[in-house]
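Each chain, letter by letter, is given below.
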Amino acid sequence: MPVRSVLIYGDPLLRQKSAEVSAEEITSSEFQTFLDDLQETLYSEDGVGLAAPQVGVLQRVFFIDVGWAERKGKTPVWFINPVVEPYGDLEDYDEGCLSLPDIRGHVKRPGHVRVSYTDREGRAQTLDADGLMARCAQHEFDHLDGVLYVDRLSYAGKVLVQGKLKRLKQGQQQGRR
Ligand code: ZN
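The structure reproduced in this document is the subject of the present report. (Residues numbered from 1 in each chain as written. Predicted model: local features only at pLDDT ≥ 70, side-chain atom pairs only at ≥ 80, totals over all residues. Heavy atoms only, no water.)

## Examining the packing of aromatic side chains
Next, step 1: Under the counting rule described, the total for this entry stands at six aromatic pairs.
Next, step 2: Note on Phe31 and Phe34: the rings are 6.2 Å apart at their centroids and 50 degrees apart in plane angle, and the pair reads as tilted. Of the two residues, Phe31 and Phe34 are both situated in helix 2 (residues 29–44); the distance of three residues between them amounts to about one turn of the helix. This pair shows no difference in class: Phe31 is buried, exactly as Phe34 is.
Next, step 3: Their ring planes at 40 degrees and their centres at 5.0 Å tell us that Phe62 and Phe79 sit as a pair that is tilted. Taken together, the residues span a long stretch of sequence, with Phe62 in strand 2 (residues 61–64) and Phe79 in strand 3 (residues 77–95) at a distance of 17 residues. (Phe/Tyr/Trp six-rings, centres within 6.5 Å; stacked < 30°, edge-to-face > 60°. Helix = DSSP H or I, 4+ residues; strand = E, 2+ residues; numbered from the N terminus. Buried < 20%, exposed > 50% of the residue type's maximum accessible area, 1.4 Å probe, protein only.)

Put into structure tokens, the structure is as follows:
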């Protein structure tokens, strides 16, 4: 299963809106291989979740493994055509993203989510979650609409990271990774 390269901030594909995956495509061997690739790509990096557009595939899919991130073993979940509904009190958390290396920033998001999605066998599922899963599901869901967590930083938070963002973007333009 090949590890895909993760696109870095400044790549225009990270700002695109992704398309729904058709029911027939979900069970195709090509798509199943892609899901395996997403998993391997995340496991090769130090992350909690990865969305398809981060590897340049504009489809509404993301992969989250909270157990892996917390060093408790692999607990992979693939979310296909997800709808994430956040609820509850806002919580502050220091977020990072594999597409924004060496940057972190505090983002306020609701502490709970209800996610409706299709699993990799093509079955409709719902998940209620809090904690890291709720945080990560909202972050990954944003990727499917071309939104990055740095867009959600406070004004002061944006000022703090603007120098690093500029350098990442310049690196992209010069073809460096
Ligand atoms: Zn991200």
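The rest of the description comes next.
## What about the sheet that holds strand 5 (residues 124–130)?
Next, step 1: One open sheet holds the five strands; their spatial order is 1-2-3-4-5, and the pairing between them is antiparallel. Across the chains shown, the open sheet's two edge strands, defined by having one partner strand only, are strand 1 (49–51) and strand 5. Averaged over neighbouring strand pairs, the angle between their axes works out to 30 degrees when direction is ignored.
Next, step 2: Packing of helix 2 onto the sheet brings it into contact with strand 1, strand 2 and strand 3, and relative to strand 2 it is tilted by some 40 degrees. (Pairing = 2+ DSSP bridges. Axes fitted to C-alpha atoms, helices over the stretch in contact; angles between N-to-C directions. Contact = heavy atoms within 4.5 Å.)

## Side note on the coordination of the zinc ion
Next, step 1: Each protein donor to the zinc ion is listed here as Cys97 (SG), His139 (NE2) and His143 (NE2); together their distances run 2.0 to 2.3 Å.
Next, step 2: Overall, His139 belongs to the buried group, its relative accessible area being 6%.
Next, step 3: Classification of His143 by relative accessible area gives buried; the value is 1%. (Donors = N, O, S within 2.8 Å, 3.2 Å for Na, K, Ca; no water.)

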